[in-house]
Amino acid sequence: MLPQKSQSFRFLPSYLRRSLYASIVMIVILLLIAYSIRWIGTAPFLHWDERIQSLIFPQMTTPNYSLLPVAIFITSFGSFRISLLVALGVAFLCRVYIRLKAYSFAVIGSFTAMWGLNTLIKEILQRERPALQHLVEAGGYSFPSGHAMISMGFYGTIFAIWAIERQIRNRSLFLPCFLGSLLILLIGLSRVYLGVHFPTDIAGGYLAGIIWLMFTVPVLYCRACLRPSSTPPL
């Protein structure tokens, strides 16, 4: 049985405060990592980046080149346009179907934060993209990957909401955890496959998204525990 939280709990101030903490921690950690790598030297990291790229990036003569349409389709879920449509659609469903404004706010908030913070951090660090043939159009800087941040921080929020709803109803978490992890992994791999990001860009984006989830998901869980259990099953 889930513990009931005090009715004095206020979602919006708590969520905004946690979001601010997450943003600060995210920026500080990524900057520390980036500048530590510059101090240590980039050669070891570039060595592993290039080794992983050589395994994933397709050549026209290799069998995995046939996966190009699949990679383009998967990577589209991390684009601004598609993720915006997903954000609006899921926020609407959360408001109408689950009837919880907190979820709608969290979905829109995570979308906005991931794109905004990613742009800010990229402009500070200004890492150039890999010197490979880009198999899709990609502009701006490379670290951290915006698609990786969106996949972990934004899509992670959506799958966390699904998991929270199932947890409240004592249902298995396997489906949201498995599908969420699969989507996040595939979006990150697609960016390396398409030659537009280093593996370390993906790792940085994932780390940023994980920090966001660690701070914000507990607030969503607390708010969901206060809601009457008359909402439809997920």
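To keep things clear, this report deals only with the structure shown in the data block. Because the structure is predicted, anything quoted here is derived from the model rather than measured. (Residues numbered from 1 in each chain as written. Predicted model: local features only at pLDDT ≥ 70, side-chain atom pairs only at ≥ 80, totals over all residues. Heavy atoms only, no water.)

### Details of the pattern of salt bridges
Okay, so step 1: This model, assessed by the stated rule, comprises 3 salt bridges.
Okay, so step 2: The salt bridge partner of Arg127 is Asp201, with a shortest N-O separation of 2.8 Å. Taken together, the residues Arg127 in the loop between helix H5 (101–125) and helix H6 (146–168) and Asp201 in helix H8 (residues 199–226) connect sequence positions 74 residues apart.
Okay, so step 3: Taking the relative accessible area as the measure of exposure, Arg127 reaches 23% and is therefore partly exposed.
Okay, so step 4: On the accessibility criterion, Asp201 (0% relative accessible area) is buried.
Okay, so step 5: The salt bridge involving Arg169 is made with Glu165; its shortest N-O contact spans 2.9 Å.
Okay, so step 6: Given the relative accessible area of 0%, Glu165 is considered buried. (Salt bridge = Lys/Arg side-chain N within 4 Å of Asp/Glu carboxyl O. Helix = DSSP H or I, 4+ residues; strand = E, 2+ residues; numbered from the N terminus. Buried < 20%, exposed > 50% of the residue type's maximum accessible area, 1.4 Å probe, protein only.)

### Digging into the packing of helix H4 (residues 80–98) against H5
Helices that pack against each other are described as a pair by the angle of their axes relative to one another and the distance between those axes.
Okay, so step 1: It is at 7 Å that the axes of H4 and H5 come closest, and there the two elements cross at 165°. The angle between H4 and H5 places the two elements in the roughly antiparallel class. Two packed elements cross with a definite hand, and for H4 against H5 that hand is left-handed. The residues of H5 that touch H4, namely those facing Phe80, Ser83, Leu84, Ala87, Leu88, Val90, Ala91, Cys94, Arg95 and Ile98, are Lys101, Tyr103, Ser104, Val107, Ile108, Phe111 and Trp115.
Okay, so step 2: Split into classes, the residues belonging to the contact of H4 with H5 amount to 13 nonpolar, 2 polar and 2 charged. (Axes fitted to C-alpha atoms, helices over the stretch in contact; angles between N-to-C directions. Parallel < 35°, antiparallel > 145°, perpendicular 65-115°, else oblique. Left-handed = near helix turned anticlockwise from the far one by under 90°. Contact = heavy atoms within 4.5 Å. Nonpolar A, V, L, I, M, F, W, Y, C, P; charged D, E, K, R; others polar.)

### Side note on the packing of aromatic side chains
Okay, so step 1: If you walk through the whole model with that rule in mind, you get 10 aromatic pairs.
Okay, so step 2: Their ring planes at 80° and their centres at 5.7 Å tell us that Tyr15 and Phe105 sit as a pair that is edge-to-face. You can see Tyr15 sitting in helix H1 (residues 11–40) and its partner Phe105 sitting in helix H5, a full 90 residues away along the chain.
Okay, so step 3: On the basis of relative accessibility, which here comes to 2%, the residue Tyr15 falls in the buried class.
Okay, so step 4: Residue classification places Phe105 among the partly exposed residues on the basis of a relative accessible area of 35%.
Okay, so step 5: With a centroid separation of 5.4 Å and an interplanar angle of 10°, the aromatic rings of Phe174 and Phe178 are classed as stacked. Placement of the pair is Phe174 and Phe178 together in helix H7 (residues 174–193), with a separation of 4 residues, close to one helical turn.
Okay, so step 6: The rings of Phe80, Phe111, Trp115, Phe154 and Tyr155 are connected pair by pair, giving a single aromatic cluster. (Phe/Tyr/Trp six-rings, centres within 6.5 Å; stacked < 30°, edge-to-face > 60°.)

### Examining H5
Okay, so step 1: The end-to-end C-alpha separation of H5 is 36 Å, in line with the 36 Å expected for 25 residues at 1.5 Å each.
Okay, so step 2: Downstream of H5 by one or two residues, Gln126 has phi in the positive range, about 55°. (Expected span 1.5 Å × (residues − 1).)

### Focus: the state of the cysteines
Okay, so step 1: Across all of its chains, the model carries 0 disulfides by this definition.
Okay, so step 2: Note on Cys94: no disulfide assigned, nearest cysteine sulfur contributed by Cys225 at a separation of 16 Å.
Okay, so step 3: No disulfide involves Cys222; its nearest neighbouring cysteine sulfur is the one of Cys225, lying 6.5 Å away. (Disulfide = S-S within 2.5 Å.)

### Re the side chain of Ser104
Okay, so step 1: Looking at where Ser104 falls in the secondary structure, it is placed in helix H5.
Okay, so step 2: Residue Ser104 is classed as buried on the basis of its relative accessible area, which comes to 12%.
Okay, so step 3: Separated by 3.3 Å, the side chain of Ser104 and the backbone nitrogen of Arg95 make a polar contact.
Okay, so step 4: Apart from residues lying up to four places away in sequence, Ser104 is in contact with Ala91, Cys94 and Arg95. (Polar contact = N/O pair within 3.5 Å; in protein donor to acceptor, adjacent residues only side chain to side chain.)

### Considerations on H4
Okay, so step 1: Over its 19 residues, H4 extends 25 Å from the first C-alpha to the last, a length consistent with the 27 Å expected when each residue adds 1.5 Å.
Okay, so step 2: Here H4 has its buried residues at Ser83, Ala87, Ala91, Cys94 and Ile98. All buried residues of H4 project into a common sector of 95° when viewed along the axis, lining one side. Of the exposed residues in H4, those oriented more than 90 degrees away from the buried face are Arg81, Leu85, Phe92 and Leu93.
Okay, so step 3: Buried positions along H4 lie against H5 and H6.
Okay, so step 4: Arg99 sits one or two positions beyond H4 and adopts a positive phi of about 60°. (Arc of directions from axis to C-beta.)

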